[in-house]
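Coordinates in review
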Amino acid sequence: MTLTPDAGSVWFVFDGPKLVLRADGTLPTGEAPLPAVDVTRLGTLDGTSYLAAGLDGDLPGGFQAVPVRSGFGRLPDHHMGLAGYAAQVIEFARTHRYCGRCSAPLSDVTHERSRRCPNCGLTVYPRVAPVAMVLIRRGQGRDTELLLARSPHFPPGMYSALAGFVEPSETLEAAARREVQEEVGVQITDLRYQFSQPWPFPHSLMLGFTAEYVGGDITPQPGEIDDARWFPVTGLPTLPAAFSIARALIDGAVAGALE
């Protein structure tokens, strides 16, 4: 299928997990001759129609495919929010073509974002994987320290707050406490929810908490945590990108300590 809606439509086209942009770094519009599959209308914002699709075949000349994260700072904020939504919609379409119960092809449901099996009636929805993130503090004022850790997958020198996926039948609070105990082995109190962030890499929902340190020695979890240590708010290491919930938690803790 070729993208041929009205000229004002804006497209989020994905070549695998990568977002397709024009050579000049802008999003394709309705005039862009891109072969596509899984074409999905996202809706209308301020009079502009937005659609998502997967690239069908090779990337044509005049276009580039970039990691979605690289769009931060290059695309407008509202486009980045829509890009995350579009990425999850296309991931859902790509990974749910057939029924997991009887293998029949699935069909889109028109009144909601789901797919239904015409053979056995199974309805499936886009996956959202909740992740509990915890920033642990100790001390007061300029003497405040933050417990930050390194995953084996982080860039060299970067540290962040602790995080882990919520298990089935587990509350967010229980998941936060469990992850802290598993990953660094310390005890916490005053666990408080702060805010959340969709994280479409590929389909997570990050839920941020802060907590106060009670006691225990840091014991990094083998295979999960390369290193974990206390950092003073006046001497932090390399941190996650500014658009991440981890950075927002850290920046908020630093601002509160130094105010």
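Here the structure is a predicted model, which is why all the values come from computation and not from measurement.

In this section: the overall build of the protein chain. If you tally the helices and strands in the protein chain, you get three helices and 14 strands. Overall, the protein chain is about 60 × 45 × 35 Å in size when its C-alpha atoms are taken along their principal axes. Among the 259 residues that make up the protein chain, the fraction classed as buried is 44%. For the protein chain, restricting intrachain contacts to residue pairs at least 6 apart in sequence, the fraction spanning at least 24 positions comes to 61%. Here the protein chain displays about 13100 Å² of accessible surface, and carbon together with sulfur accounts for 51% of that area. For the protein chain, the distance from the average site of its 21 positive side-chain charges to the average site of its 28 negative ones is 2 Å.

Applying the stated criterion to the full structure yields 11 salt bridges. Across the pair R94 and E91 runs a salt bridge, and its minimum N-O distance is 3.1 Å. Taken together, the positions of R94 and E91, both in helix 1 (residues 77-95) and three residues apart, correspond to about one turn of that helix. For R229, the salt bridge goes to D227, with nearest N and O atoms at 2.5 Å. Relative accessible area serves as the criterion here: at 40%, R229 is assigned to the partly exposed category. When salt bridges with common partners are traced through the structure, they connect E170, R178, E179 and E182 into a single cluster.

Another aspect to go through is the nonpolar core. If you look at the biggest cluster of nonpolar residues, it comprises 20 residues, and the most contacted ones within it are V134, I136 and V180. Looking at this core, the elements that each hand over two or more residues are strand 9 (129-138), strand 10 (145-150), helix 2 (172-183), strand 12 (187-199), strand 13 (204-215) and strand 14 (227-232). The contact partners of V134, leaving out residues within four places of it in the chain, are A161, L162, A176, V180, L191, F209 and A211.

Attention now goes to unusual backbone geometry. The linkage connecting F201 with the following residue, P202, adopts the cis geometry, with an omega of 5°. Note on placement: P202 falls in the loop between strand 12 and strand 13. Here the phi dihedral of D38 falls at roughly 55°; this positive angle occurs in a residue that is not glycine. Its place among the elements puts D38 in strand 3 (residues 36-45). The backbone of D190 sits at a positive phi, close to 55°, despite the residue not being glycine.

Before going further, it helps to spend a moment on the domain arrangement of the protein chain. Segmenting the protein chain into domains produces domain 1 (10-96), domain 2 (97-126) and domain 3 (129-255). Relative placement of domain 2 and domain 3: their C-alpha centres are 37 Å apart.

Across seven bridges, strand 3 lies against strand 4 (residues 48-55) in antiparallel orientation. By the bridge assignment for strand 4, L45 is matched with T48. Connecting strand 3 to the next strand, strand 4, in antiparallel fashion are two residues, including D46 with a positive phi near 50°.

On to the sheet that holds strand 4, then. Strand order in the open sheet formed by five strands is 3-4-1-2-5, and the pairing between neighbours is mixed. Of all strands in the sheet, those bounded by a partner on one side alone are strand 3 and strand 5 (63-67). In this sheet, adjacent strand axes meet at a mean angle of 30° when their direction is disregarded. Across the sheet, helix 1 is in contact with strand 1 (10-15), strand 2 (18-22), strand 3 and strand 4; its angle to strand 3 comes to roughly 140°.

The next thing to look at is the UniProt feature "domain: Nudix hydrolase" (unreviewed entry) in the protein chain. UniProt's entry tags residues 126-253 with the feature "domain: Nudix hydrolase" (unreviewed entry), counted in the numbering of this structure. Secondary structure over residues 126-253 splits into 16% helix and 40% strand, and the C-alpha atoms at its two ends are 33 Å apart.

Conventions we followed
- Residues numbered from 1 in each chain as written.
- Predicted model: local features only at pLDDT ≥ 70, side-chain atom pairs only at ≥ 80, totals over all residues.
- Heavy atoms only, no water.
- Helix = DSSP H or I, 4+ residues; strand = E, 2+ residues; numbered from the N terminus.
- Buried < 20%, exposed > 50% of the residue type's maximum accessible area, 1.4 Å probe, protein only.
- Contact = heavy atoms within 4.5 Å.
- Areas by Shrake-Rupley, 256 points an atom, 1.4 Å probe, with all protein chains shown as cover.
- Lys, Arg positive; Asp, Glu negative; His and termini not counted.
- Charge placed at Lys NZ, Arg CZ, Asp CG, Glu CD.
- Salt bridge = Lys/Arg side-chain N within 4 Å of Asp/Glu carboxyl O.
- Core = buried A, V, L, I, M, F, W, Y, C linked by side-chain atoms within 4.5 Å.
- Domains from an automatic or database assignment.
- Pairing = 2+ DSSP bridges.
- Axes fitted to C-alpha atoms, helices over the stretch in contact; angles between N-to-C directions.
- UniProt positions renumbered as here; feature names shortened; annotations may be inferred.

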